[in-house]
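The chain contents come next:
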Amino acid sequence: MNVTRATFNEVMVPNYMPADIIPVRGEGSRIWDQQGREYLDFACGIAVTGLGHCHPKLVAALTEQAGKLWHLSNVMTNEPALRLAQKLVDATFADRVFFCNSGGEANEAAFKLARRYGNSTRPGKNEIISFYNAFHGRTLFTVSVGGQAKYTQGFEPIPAGITHLPFNDLDALKSAISDNTCAVVIEPVQGEGGILPATQAFIEGARKLCDQHNALLIFDEVQTGVGRSGHLYAYQAYGVQPDVLTSAKGLGGGFPIGAMLCTKKAADVLAFGTHGSTYGGNPLACAVAEAVLDLVNEPSTLAGVQARAQLVRDGLDSIGRRYGIFEPARGLGLLIGAPLAPAWKGRAKEIVNAGLRHGVWTLVAGPDVLRIAPSLIISEADIAEGLRRLEAGIAELAALPKAAGG
Ligand SMILES: *Cc1c(COP(=O)(O)O)cnc(C)c1O
């Protein structure tokens, strides 16, 4: 059957607006479309394919498990899930793990856990504090905890008991938190909100305030986790441990899986029958994620992230100066944002499209920030080539008369 981009509009719900190209194959940091055109991947499917496309060890883990056992449900446990959980516990603050299939589901589990924790502690302890511009997923609970009104509009009534505060504003948190707070939810780097890192003082202060008020500190590491920060998880860069951490995106290297990691004290709230998932922790996903974790949680992989990040940031800053297009890059590790200079505000999507025309795939993080999230093991040569292609796209845009009203 012949399918094209036009087919999308005829058979898919219109909630997405995919690019004009349809990739059909990937290898390392390159993908090829239906016409055989090649693109350098600076996006990783939104910070997911952290080991590139079709890494031989991941292909081996998936195909080996595919020939053994696909699914049991949680009526029975399975070896890949137990091994992956053991490795996550060994490598992090966590004592316990819950598996699911996406970041939104991992956060849904974390927020439900927080509510049960609060409600079992004292009456009225059910308030969740989160931050403007945060993104935590697309379920009704997670869009409600998220800090962007556009994602809840039209879906009312939304769950109650959620307070939003300005990000990185410790005084606001100090004033708002109380013994009625059951959890404070933080992305160590706001991803969808514009690649905005939390300050050290904010993270440390939030930890102290949560301790004072017996509230759970939840880190949403769906985007920052699994090596992207140059640490296995970004909390390790801050040296501040949460009570609950959510992981997804990079965890499966492209195979859907999510996980909620937590302390034993938090885990005990989710007694038998309180929460669940049919597919969560299925052998295929866990076998792949185990291989991902083995490869990413190597000192050489993690150390390599910082060196690559420096190359990308230097390249972006130099393009930014030459064309007056970017302010200095920001982010953590290989989660990098290039904020647009005032004259270019609102044009991030145009820059992504110009890059695609020249054979490099980048992302936006809102209308005013170009986001770069390449593979953690991308070669220096591929970084250089991707930056060259991005610059070619930007040079083309800069030469064009600015679109009317654009
Ligand atoms: C992508 C993302 C999510 C949602 O993950 P899904 O797998 O799309 O449900 C949640 N939180 C953060 C920080 C994310 O970047």
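The structure under discussion appears in the preceding block.
Computed from a predicted structure; not experimentally measured.

Details of the pattern of salt bridges
Argument step 1. This model, assessed by the stated rule, comprises 17 salt bridges.
Argument step 2. Notably, a salt bridge pairs Arg-207 with Asp-211, separated by 2.8 Å at the nearest N-O pair. Highlighted residues: Arg-207 and Asp-211, both in helix α8 (residues 200-212), separated by four residues, approximately one helical turn.
Argument step 3. Accessibility expressed as a relative area gives 15% for Arg-207, which makes it buried.
Argument step 4. Taken together, the salt bridges that share partners define one network made up of Arg-30, Glu-38, Asp-382, Glu-385, Arg-388 and Arg-389.

Some points on the site of the ligand
Argument step 1. The ligand sits among Ser-102, Gly-103, Gly-104, Asn-107, Phe-135, His-136, Gly-137, Glu-187, Asp-220, Val-222, Gln-223 and Lys-249.
Argument step 2. With respect to the ligand, the backbone of Gly-104 contributes an N or O atom lying 2.6 Å from an oxygen atom.
Argument step 3. With respect to the ligand, the side chain of Gln-223 contributes an N or O atom lying 2.8 Å from an oxygen atom.
Argument step 4. Surface burial for the ligand is 80%, taken as the share of its 390 Å² of free accessible area covered by protein chains.
Argument step 5. Residues belonging to the shell around the ligand are distributed by class as follows: two nonpolar, seven polar and three charged.

Structural notes on the sheet that holds strand β6 (residues 162-165)
The pairing of strands in a sheet comes from backbone hydrogen bonds and takes either a parallel or an antiparallel form.
Argument step 1. Pairing within the open sheet is mixed, and its seven strands lie in the order β4-β12-β11-β10-β7-β5-β6. Each edge of the open sheet is held by one strand with a lone partner, namely β4 (96-100) and β6. Shown here is a sheet whose adjacent strand axes are inclined to one another by a mean of 20°, direction ignored.
Argument step 2. Relative to strand β11 (residues 244-247), strand β10 (residues 216-220) is paired through three bridges, and the arrangement is parallel. Pairing of Ile-218 across the sheet is with Val-244, part of β11.
Argument step 3. Sheet strands in contact with helix α4 (residues 79-91) are β4 and β12 (258-262), and its direction is about 130° off that of β4.

The rules behind each value
Sequence positions are assigned chain by chain, starting from 1 and proceeding in written order. For this predicted model, a pLDDT threshold of at least 70 governs which residues receive local features, and a threshold of 80 or more governs which side-chain atom pairs are given and counted, while totals over whole chains, interfaces and linings are taken from all residues. By convention in this description, side-chain values take in all heavy atoms of the structure and omit both hydrogens and water. Here a salt bridge means any side-chain nitrogen of Lys or Arg lying within 4 Å of a carboxyl oxygen belonging to Asp or Glu. The numbering of helices and of strands both runs from the N terminus, where a helix is a DSSP run of H or I of at least 4 residues and a strand a run of E of at least 2. Buried residues are those whose accessible area, probed at 1.4 Å on protein chains only, stays under 20% of the maximum for their type, while exposed residues exceed 50% and partly exposed ones sit between those limits. Near residues are defined by distance, with any heavy atom within 4 Å of the molecule or strand qualifying the residue. Pairs of N or O atoms within 3.5 Å make up the polar contacts considered here, provided that, within protein, one atom can donate a hydrogen while the other can accept it, and that residues adjacent in sequence are counted only when both atoms are side-chain atoms. Note on areas: Shrake-Rupley with a 1.4 Å probe; residue coverage comes only from the protein chains shown. Amino acids are sorted into nonpolar (Ala, Val, Leu, Ile, Met, Phe, Trp, Tyr, Cys and Pro), charged (Asp, Glu, Lys and Arg) and polar (every other residue, Gly among them). Two strands qualify as a pair provided that DSSP identifies no fewer than 2 bridges between them. Between the N-to-C directions of two axes lies an angle of 0 to 180 degrees, each axis being a line fitted to C-alpha atoms and, for a helix, fitted only over the stretch in contact. Residue contacts are defined here by distance: any two heavy atoms, one from each residue, within 4.5 Å place the two residues in contact.

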